[in-house]
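As a plain string of letters, each chain reads:
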Amino acid sequence: MRGAILAGGTSSRFGGQPKGLEEVGGERIIDRVTQSLHGATGRPPILIANAPEANDWRPDLTVVHDAIRNCGSLGGIYTALMAGSGPVLVLAWDMPFVPVELLEEMVRRSEGCEALVAERADASGVEPLCAIYAPVCATPIRERIAEEDFRAAGFLDAVSYTKFSLDDVSRFGDPATIFFNVNTPAELTRAQELWRDLSDQ
């Protein structure tokens, strides 16, 4: 199993600053995500990023630029698949609270799955940026990109995907906290509050 951090986007809602470099609880979000992915896969993840300074964010990680530009998170998933062989565990770099134990369980459950995607409690239904994708997903993703359908989960109807159920997610904490992502300064403030709440438990 390989791991990949998706660090795409322009961080427009964060004033153009790389949001994954912000700190939550005194630790950068990118470092938290790296630790969880490394723990779950047993090796350092790759970093999918296009920023010229990305090599400096984590010099120990291999930076891979998008294979197809301007396709959003879907392009990041495609790049992660094309960057190596076998399945890949992807995680967005703006989610500071995804525990390594959850990812380890997803890795254990993923054998034989074309895609294993964590379930969310909100209207989106699934979290495509906390998921495991097998190489078979590359073709339908490329087809969606050709159709300019850049929804991160838009290709799932073309593969046999499995949900890592909300009940399973809940074994590792509150799903709303686990999948909380930092897109704005206000959400960074909220993340600090969530971190303090978790630290007090």
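Preceding block: the structure.
Read on for an overview of the structure. Note that the coordinates shown come from a computational prediction; the quantities given were computed from them, not determined experimentally. (Residues numbered from 1 in each chain as written. Predicted model: local features only at pLDDT ≥ 70, side-chain atom pairs only at ≥ 80, totals over all residues. Heavy atoms only, no water.)

Here we come to helix α8 (residues 185-200). The end-to-end C-alpha distance of α8, which contains 16 residues, comes to 23 Å, matching closely the 22 Å that a straight helix rising 1.5 Å per residue would cover. Within the span of α8, buried status applies to L188, A191 and L194. Projected down its long axis, α8 shows its buried positions confined to an angular sector of 115 degrees, all on one face. Seen from the open side of α8, the exposed residues pointing more than 90 degrees away from its buried face are A186 and D200. Looking at the packing, one finds that the buried side of α8 touches β2 (23-24) and α7 (175-178). (Helix = DSSP H or I, 4+ residues; strand = E, 2+ residues; numbered from the N terminus. Expected span 1.5 Å × (residues − 1). Buried < 20%, exposed > 50% of the residue type's maximum accessible area, 1.4 Å probe, protein only. Arc of directions from axis to C-beta. Contact = heavy atoms within 4.5 Å.)

Our next topic: the layout of surface pockets. Within this model, the second largest pocket holds a volume of roughly 400 Å³. Lining of the second largest pocket is provided by 20 residues; of these, F97, V98, P99, T177 and L198 occupy positions nearest its centre. Breaking the lining of the second largest pocket down by element, the ones donating at least two residues are α1 (29-41), α7 and α8. Per-element accounting of the lining of the second largest pocket gives the leading share, five residues, to α8. Considered class by class, the residues forming the lining of the second largest pocket number ten nonpolar, six polar and four charged. (1 Å grid on protein atoms, 1.4 Å probe; cavity = no way out; pocket = protein on both sides within 12 Å on 5 of 7 lines; lining within 4 Å. Points joined across faces, edges and corners; volume = space filled by probe spheres on them. Nonpolar A, V, L, I, M, F, W, Y, C, P; charged D, E, K, R; others polar.)

This model, assessed by the stated rule, comprises 13 salt bridges. Residues joined in a network through salt bridges with shared partners are E105, R108, R109, D168 and R171. (Salt bridge = Lys/Arg side-chain N within 4 Å of Asp/Glu carboxyl O.)

On to the packing of aromatic side chains, then. For the coordinates displayed, the defined rule picks out two aromatic pairs. Between the aromatic rings of W57 and W93, the centroid separation amounts to 4.8 Å while the plane-to-plane angle is 25 degrees, which identifies the pairing as stacked. On the criterion of sequence distance, the pair formed by W57 in helix α2 (residues 54-57) and W93 in the loop between β6 (88-92) and α4 (100-109) is long-range, its members being 36 residues apart. Taken individually, W57 and W93 each receive the classification buried, so the pair is uniform in this respect. Considering the side-chain rings of Y133 and F155, the 5.6 Å spacing of their centres and the 55 degrees angle between planes classify their relative orientation as tilted. Remark: F155 occurs in the loop between α5 (138-146) and β9 (161-164) and Y133 occurs in strand β8 (residues 126-133); sequence separation between them is 22 residues. (Phe/Tyr/Trp six-rings, centres within 6.5 Å; stacked < 30°, edge-to-face > 60°.)

Time to look at the state of the cysteines. The tally for this structure, following the rule as stated, stands at zero disulfides. The cysteine C130 is free of any disulfide, with C113 supplying the nearest cysteine sulfur at 14 Å. With no disulfide of its own, C137 lies closest to C113 among cysteine sulfurs, the gap being 10 Å. Looking at C137, the relative accessible area reads 0%, which means it is buried. (Disulfide = S-S within 2.5 Å.)

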